[in-house]
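Structure at a glance
Listed below are the residues making up each chain.
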Amino acid sequence: MPIKIDFEQIASPCFVLDEQALHNNLKVIDYVQKASGAKIILALKGFAMYSAFPLVSRYLPGTTASSLNEALLGKEEFGGEVHAYCPAYLEDEIDEILKICSHITFNSLSQWEKYKPKVQQAGQPLSTALRINPEFSEVEVDLYNPCAPGTRLGITAEQLGDTLPEGIEGLHFHTLCESGAEDLEKTLQAVEEKFGHLLHQAKWLNMGGGHLMTRKGYDLELLIELIKNLRQNYQLEIIMEPGSAVAWDTGYLVASVLDIVENRHIQTAMLDVSFSAHMPDCLEMPYQPRVLHSVNESKHKYRLGGLTCLAGDYMGDFYFEKALQVGDKIIFEDMIHYTMVKTTSFNGVGLPSIGIWKEDNTFQLVKKFGYEVYKNRLS
Ligand SMILES: Cc1ncc(COP(=O)(O)O)c(C=O)c1O
């Protein structure tokens, strides 16, 4: 039975993970994993709420990191396999990364050449790969298109040549973003056309993230068929590393109205959260977040205003059935993946607390942040 979160119990500002929704996503991902034979690991860049890792790690065998910090978090809090892919590895981090990881992907042939001696000396079994650029992506927004002309991400087929460099066992591509299985199908056509000869030489293929398999309407059966075909045709192990799909629509950012101001007939409800500091994707992408209990049209129309003094720290328009009052809760939906990992304390604004609405219908406040967070990242 779906649970009902009682937001009145929760002090704002607070990110609230809906544990049941996360669990449901994990069951879908696990179904794909079992039916297709692929290995699906969590991309920490999209979801790193480690208080939820005991549940996630029941279904996923490991994590993928894009920095030493993420690799350490994966090792300490998740366990299992730690994979890494970094656009460029730092000299003073690579030794520790190599110690932690089971799989490491390099973004360029020059990075591979540079760190090859260290990889060969690494104490534990370590499987290495190169990120390829199939020069094909269905993603239309350039900010999220890793194959845009001039991209710094990945090696083209022309640069890679006919044989995999000695010591390389895997290939890795990441070209999707909140995409369907049909987009993967088209991407795979480009990958096979350009890199098919290398797929025959590789042991594994990591198909990156962006597979939004937990969104309603995603064609899971097509995804499973595509994976099975790859495994069969090339004798490859298939790995996927979604972030968004794991935490898609699994929770909220709970805010409150602090004040209501008016200018030239525009009413703005000032909140105890900030788009700039707490939901930066809204401004970057940009997109208008869904707000619980807002309606399509009514006479009570508001901008929602952020807490920083950045002039553009607002979004609008939102409509409500009743006029908003100071103290009312404003609940932003789908605010767990990427949002939580991207918060800042710009303007000295505090970070929202983090809590879990548990499957047994109780609320667990996991963490509250104070002045130390702001102070400790400055000197
Ligand atoms: C290399 C790589 N892998 C995985 C991901 C996770 O993608 P998503 O959260 O869209 O599934 C990203 C996201 O940017 C990425 O760059």
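Predicted model, so just to flag it, every value in this text is computed and none were measured. (Residues numbered from 1 in each chain as written. Predicted model: local features only at pLDDT ≥ 70, side-chain atom pairs only at ≥ 80, totals over all residues. Heavy atoms only, no water.)

1. A look at the pattern of salt bridges
Quick note on the threshold: We define a salt bridge as a side-chain nitrogen of Lys or Arg found within 4 Å of a carboxyl oxygen belonging to Asp or Glu. In this text, helices come from DSSP runs of H or I with a minimum length of four residues, and strands from runs of E with a minimum of two, each type numbered from the N-terminal end.
Applying the stated criterion to the full structure yields 13 salt bridges. For Glu19, the salt bridge identified is with Lys358, shortest N-O distance 3.4 Å. Of the two residues, Glu19 sits in helix α1 (residues 19–36) while Lys358 sits in the loop between β16 (353–357) and β17 (363–367), which places them 339 residues apart along the sequence. One salt bridge in this structure joins Glu81 and Lys39, with 2.8 Å as the shortest N-O distance. In this pair, Glu81 is assigned in strand β5 (residues 81–85) and Lys39 in strand β2 (residues 39–40), connecting sequence segments 42 residues apart. Each of Lys39, Glu81 and Glu237 takes part in one network of salt bridges that share partners.

2. Remarks on the domain arrangement of the chain
Inclusion rule: Annotation comment: domain bounds sourced from an automatic or database domain assignment. Any two residues whose heavy atoms approach within 4.5 Å are treated as being in contact. When two parts are put together, the accessible area they lose, computed with a 1.4 Å probe and summed over both, is reported as buried area. Pairs of N or O atoms within 3.5 Å make up the polar contacts considered here, provided that, within protein, one atom can donate a hydrogen while the other can accept it, and that residues adjacent in sequence are counted only when both atoms are side-chain atoms.
Domains assigned within the chain are domain 1 (7–13 + 251–335 + 343–376) and domain 2 (37–247). Its C-alpha centre places domain 1 at a distance of 34 Å from the equivalent point of domain 2. Contacts between domain 1 and domain 2 engage 9 residues on the former and 7 residues on the latter. Across the domain 1/domain 2 interface, buried area totals approximately 590 Å², and carbon plus sulfur atoms make up 60% of it. Where domain 1 packs against domain 2, one counts 0 salt bridges. Counting across the domain 1 and domain 2 interface gives 1 residue pair in polar contact (both at pLDDT 80 or more).

3. Concerning a negative patch on the surface
In plain terms, the rule: Residues with no salt bridge and a relative accessible area higher than 30% make up the patches, which join like charges within 9 Å and nonpolar side chains (Val, Leu, Ile, Met, Phe, Trp, Tyr) within 5 Å. Surface accessibility in these figures is a Shrake-Rupley result with a 1.4 Å probe; residues are shielded only by whichever protein chains are displayed. Positive residues here are Lys and Arg, negative ones are Asp and Glu, while His and the chain termini are left out of the count. Working definition for charges: the position is that of NZ of Lys, CZ of Arg, CG of Asp or CD of Glu.
A contiguous patch of negative charge, built from Glu182, Glu185, Asp219, Glu221 and Glu225, is present on the exposed surface. Contributing elements (two or more residues each) for the negative patch: α7 (181–199) and α8 (220–234). Here Glu185 is to be found in helix α7.

4. As for the UniProt feature "domain: Orn/DAP/Arg decarboxylase 2 C-terminal" (unreviewed entry) in the chain
Test applied: UniProt positions are given in the numbering used here, feature names are shortened, and annotations may be inferred rather than shown by experiment.
Feature annotation in UniProt places "domain: Orn/DAP/Arg decarboxylase 2 C-terminal" (unreviewed entry) on residues 99–335, given in this structure's numbering. With 28% helix and 24% strand, residues 99–335 has its two end C-alpha atoms placed 34 Å apart.

5. Topic: the packing of aromatic side chains
Applied cut-off: Any pair of Phe, Tyr and Trp rings, taking the six-membered ring for Trp, is counted once the centres come within 6.5 Å. Such a pair is stacked with planes under 30 degrees apart, edge-to-face with planes over 60 apart, and tilted for the rest. Accessibility here uses a 1.4 Å probe with only protein chains present; expressed as a share of the type maximum, an area under 20% marks a residue as buried, one over 50% as exposed, and anything in between as partly exposed.
Per the counting criterion, the structure on display carries 8 aromatic pairs. Ring geometry for Phe7 versus Tyr252: centroids 5.1 Å apart, planes at 80 degrees, classification edge-to-face. Residue Phe7 is located in the segment before β1 (14–18), and its partner Tyr252 is located in strand β11 (residues 251–263); the two are separated by 245 residues in the primary sequence. For the residue pair Phe7 and Tyr252, the accessibility class agrees, reading buried in each case. Ring plane angle 50 degrees and centroid distance 5.7 Å describe the contact between Phe106 and Trp112, whose orientation is recorded as tilted. With respect to burial, Phe106 and Trp112 carry one shared label: buried.

6. Observations regarding the site of the ligand
Here is the rule we go by: Near is defined per residue: the residue qualifies when any heavy atom it owns lies within 4 Å of the molecule or strand. A pocket, in this scheme, is an open set of points on a 1 Å grid over the protein atoms alone with protein on both sides within 12 Å along at least 5 of 7 lines, while a cavity is a set where a 1.4 Å probe fits but cannot get out; residues line either one if an atom lies within 4 Å of a point. A cavity or pocket is said to hold a molecule if more than half of that molecule's atoms lie within 2 Å of its grid points. Throughout this entry, Asp, Glu, Lys and Arg are counted as charged residues, while Ala, Val, Leu, Ile, Met, Phe, Trp, Tyr, Cys and Pro are counted as nonpolar. The remaining residues, Gly among them, count as polar.
The environment of the ligand is formed by 13 residues, the closest being Gly210, Glu241, Gly243, Ser244 and Tyr338. With respect to the ligand, the side chain of His174 contributes an N or O atom lying 3.5 Å from an oxygen atom. Here an oxygen atom of the ligand and a backbone polar atom of Ser244 are 2.8 Å apart. With the chains in place, 86% of the 400 Å² that the ligand exposes on its own is no longer accessible. The cavity that encloses the ligand is the largest pocket. Tallied by class, residues from the shell around the ligand come to 4 nonpolar, 6 polar and 3 charged.

7. Concerning the side chain of Ser179
With respect to the helices, strands and loops of the structure, Ser179 is situated in the loop between β8 (170–172) and α7. With residues near it in sequence (within four places) discarded, Ser179 still touches Gly210, His211, Leu212, Arg215 and Tyr218.

8. A closer look at the packing of helix α3 (residues 68–78) against helix α4 (residues 91–100)
Applicable threshold: For helices, the fitted line uses only the C-alpha atoms of the stretch in contact; every axis is such a line through C-alpha atoms, and the angle between N-to-C directions lies from 0 to 180 degrees. Angles are sorted into four bins: roughly parallel if under 35 degrees, roughly antiparallel if over 145, roughly perpendicular if 65 to 115, and oblique for all others. Each crossing gets its hand from how the near helix is turned against the far one by less than a right angle, where anticlockwise is left-handed and clockwise is right-handed.
It is at 10 Å that the axes of α3 and α4 come closest, and there the two elements cross at 25 degrees. On the basis of the axis angle, α3 is roughly parallel to α4. You can see that α3 and α4 cross each other, and the crossing is left-handed. Contacts from Leu68, Ala71, Leu72 and Lys75 in α3 reach Glu93, Glu96, Ile97 and Ile100 in α4. Taken together, the residues of the contact of α3 with α4 break down into 5 nonpolar, no polar and 3 charged.

9. Observations concerning α8
An α-helix turns once every 3.6 residues. As a result, residues three or four positions apart point the same way. Selection criterion: Helix span, expected: 1.5 Å multiplied by one less than the number of residues in the helix.
Between its terminal C-alpha atoms α8 stretches 21 Å, which fits the 21 Å expected from 15 residues at 1.5 Å a residue. Among the residues making up α8, those that are buried are Leu220, Leu222, Leu223, Ile224, Leu226, Ile227, Leu230 and Tyr234. Buried positions along α8 lie against α1, α7, β9 (204–206) and β10 (237–240). Once α8 ends, the next one or two residues include Gln235, with phi positive near 55 degrees.

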